[in-house]
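Structural overview
One letter stands for each residue in the lines below.
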Amino acid sequence: MNNEEGFRAVCRQLFGDVSLSLEEGAKLFSGGIELPKERKTMEGGSTHTNYGGGKYINPEEVQKLTDAGHVFPAEKIENMEDIQRLYSDLRSFLGDKSIDAQNMEKSDNVLASSDVYMSDNIVECKNVGFSFSLFRCEYVYGSRNLDSCSFSIRCQDSRLLNNCFEVSWSAKCTDSMFCHDSFDLRDCLFCFHIASKQYCIANRQYPREEYLRIKGMLLEHLKKNQFRADFFPQL
């Protein structure tokens, strides 16, 4: 499964009958995420983390410099100005940084991962996009600071989430949306600071059938309103 198909699968899992492209998803769900920037280099574009000024080059350009022997004769150094002069001509930073990564696009700092799109600081992940700082995640989009999460969008500072949307500072939650600082939730909406609950909305218990009715109403609202509930704080 490539990243485009993976993103569509997550959308269907969370929202039902929804068909969004990866590009459309990036526009809808990437707000507030620290995404790598792009600058032109000698031979085209290079995605990179901003280290502050200088030129950014891609791995192919770095290899050319290495092959050419990017070392020069020693020059006399008397003061800091001499160091600055020698350094200024060399100042370039590597973009598109990756180790053991496959199918990486518009991303930087990617380790042991595959199918990564428009993301930064990604480790041991697959099928992720427009996200920052993910570890051991799969099928996660528009999220940041997650560990061991799957099939989730717009989540942050959490671990062990599955099928979640707009969940933050939580763990071991499944099939939940718009929740914060909660643990071991299943099928919950708009809940804060609770644990080990199911079919709760705004920290109130509902029968399963009533919960599903209200969730259906929420999903219809999200589809018509750019996947936002304006009264809930966004990333």
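Structure: see above.
These lines cover the structure that appears in this document, whether it is placed above or below. Quantities reported herein were computed from a predicted structural model and do not represent experimental measurements.

**Remarks on the nonpolar core**
Among the nonpolar cores identified, the biggest contains 32 residues, and Phe15, Phe29, Ile153 and Phe165 are the most heavily contacted of them. The set of elements that each furnish at least two residues to this core consists of helix H1 (3-15), helix H2 (22-29), strand E12 (138-141), strand E16 (171-180), strand E18 (195-201) and helix H5 (208-224). Contacts of Ile153, omitting those with residues within four sequence positions, involve Phe7, Val10, Cys11, Leu14, Phe15, Phe29, Tyr141, Ser143, Cys164, Phe165 and Glu166. Counting residues in each nonpolar core, the second largest holds 21 residues, with Val110, Val116, Ile194 and Cys200 among its members.

**Side note on the packing of aromatic side chains**
Throughout the structure, instances matching the rule amount to 18 aromatic pairs. Taking the centre distance of 5.1 Å and the plane angle of 85 degrees together, the rings of Phe15 and Phe165 count as edge-to-face. One end of the pair, Phe15, is in helix H1; the other, Phe165, is in strand E15 (residues 156-168), and 150 residues separate them in sequence. The pair Phe15 / Phe165 is uniform in exposure class, with both members buried. Measuring from centroid to centroid gives 4.7 Å for Tyr139 and Phe151, while their planes differ by 25 degrees, and the two rings are stacked. On the criterion of sequence distance, the pair formed by Tyr139 in strand E12 and Phe151 in strand E14 (residues 150-153) is long-range, its members being twelve residues apart.

**Examining the side chain of Asp82**
Here Asp82 is to be found in helix H4 (residues 80-88). For Asp82, the residues in contact, after removing those within four places along its chain, are Lys76 and Ile77.

**Some points on the pairing of E18**
With five bridges connecting them, strand E17 (residues 183-189) and E18 associate as parallel partners. Looking at E18, one finds that Phe183 is bridged to Ala195. Pairing of E18 with strand E19 (residues 204-205) involves two bridges; the strand directions are antiparallel. The residue bridging Ile201 from the neighbouring strand is Arg204, located in E19. Hairpin connection, E18 to E19: the antiparallel pair is bridged by two residues, and Ala202 has positive phi, about 50 degrees.

Cut-offs used in this document
Residues numbered from 1 in each chain as written. Predicted model: local features only at pLDDT ≥ 70, side-chain atom pairs only at ≥ 80, totals over all residues. Heavy atoms only, no water. Core = buried A, V, L, I, M, F, W, Y, C linked by side-chain atoms within 4.5 Å. Buried < 20%, exposed > 50% of the residue type's maximum accessible area, 1.4 Å probe, protein only. Helix = DSSP H or I, 4+ residues; strand = E, 2+ residues; numbered from the N terminus. Contact = heavy atoms within 4.5 Å. Phe/Tyr/Trp six-rings, centres within 6.5 Å; stacked < 30°, edge-to-face > 60°. Pairing = 2+ DSSP bridges.

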